[in-house]
Amino acid sequence: LASLAAGSDALFVDCGSMLVDTCTYALNLCAEKRRGQVMDLSASGISILVLLIVSISGLVDSMKDLRHPREKEHLSPEI
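Residues numbered from 1 in each chain as written. Predicted model: local features only at pLDDT ≥ 70, side-chain atom pairs only at ≥ 80, totals over all residues. Heavy atoms only, no water.

Novice: I'd like a description of the environment of Val 54, backed by residues and values.
Specialist: Mapped onto the secondary structure, Val 54 falls in helix 3 (residues 37-67). Through-space distance from the C-alpha of Val 54 to that of Phe 12 is 9.8 Å; in sequence the pair is 42 residues apart. Leaving out residues up to four positions away in the same chain, Val 54 has contacts with Val 13, Gly 16, Ser 17 and Val 20. (Helix = DSSP H or I, 4+ residues; strand = E, 2+ residues; numbered from the N terminus. Contact = heavy atoms within 4.5 Å.)

Novice: So what's going on with the environment of Val 50? Residues and values would help.
Specialist: One can find Val 50 in helix 3. Residue class for Val 50 comes out partly exposed when judged on its relative accessible area of 34%. A sequence separation of 29 residues divides Val 50 from Asp 21, and the C-alpha atoms of the two residues are 9.9 Å apart. (Buried < 20%, exposed > 50% of the residue type's maximum accessible area, 1.4 Å probe, protein only.)

Novice: So what about helix 2 (residues 9-34)? Which residues, and what values?
Specialist: Relative to the 38 Å expected for 26 residues at 1.5 Å per residue, helix 2 spans 38 Å between its end C-alpha atoms, a close match to the ideal helical length. Looking one or two residues beyond helix 2, the residue adopting positive phi is Arg 35, at roughly 50°. (Expected span 1.5 Å × (residues − 1).)

Novice: Can you tell me about a nonpolar patch on the surface, naming the residues and giving the values?
Specialist: A surface patch of nonpolar side chains, amounting to about 350 Å² of accessible area, comprises Ile 46, Leu 49, Val 50 and Ile 53. The class for Ile 46 is partly exposed, based on a relative accessible area of 45%. (Patch = residues over 30% accessible without salt bridge, like charges linked within 9 Å, V, L, I, M, F, W, Y side chains within 5 Å. Areas by Shrake-Rupley, 256 points an atom, 1.4 Å probe, with all protein chains shown as cover. Salt bridge = Lys/Arg side-chain N within 4 Å of Asp/Glu carboxyl O.)

Printed below as a string of structure tokens:
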């Protein structure tokens, strides 16, 4: 929410990657409890896939901003 209030794309992508890290941790905990190799590989694969999607989305959005810069906004230091 803070990244949307601040209008920061970089912070938004960083928050997304931290969310992926948190979900990966939870998936790995579940995989450890079940002790299955398929579950271990699935948790890692899901994590990598979602992290790639978040990263590519941020990259595409940044490239759009570089090609078509937005009008400069007055950023409030109080945020």
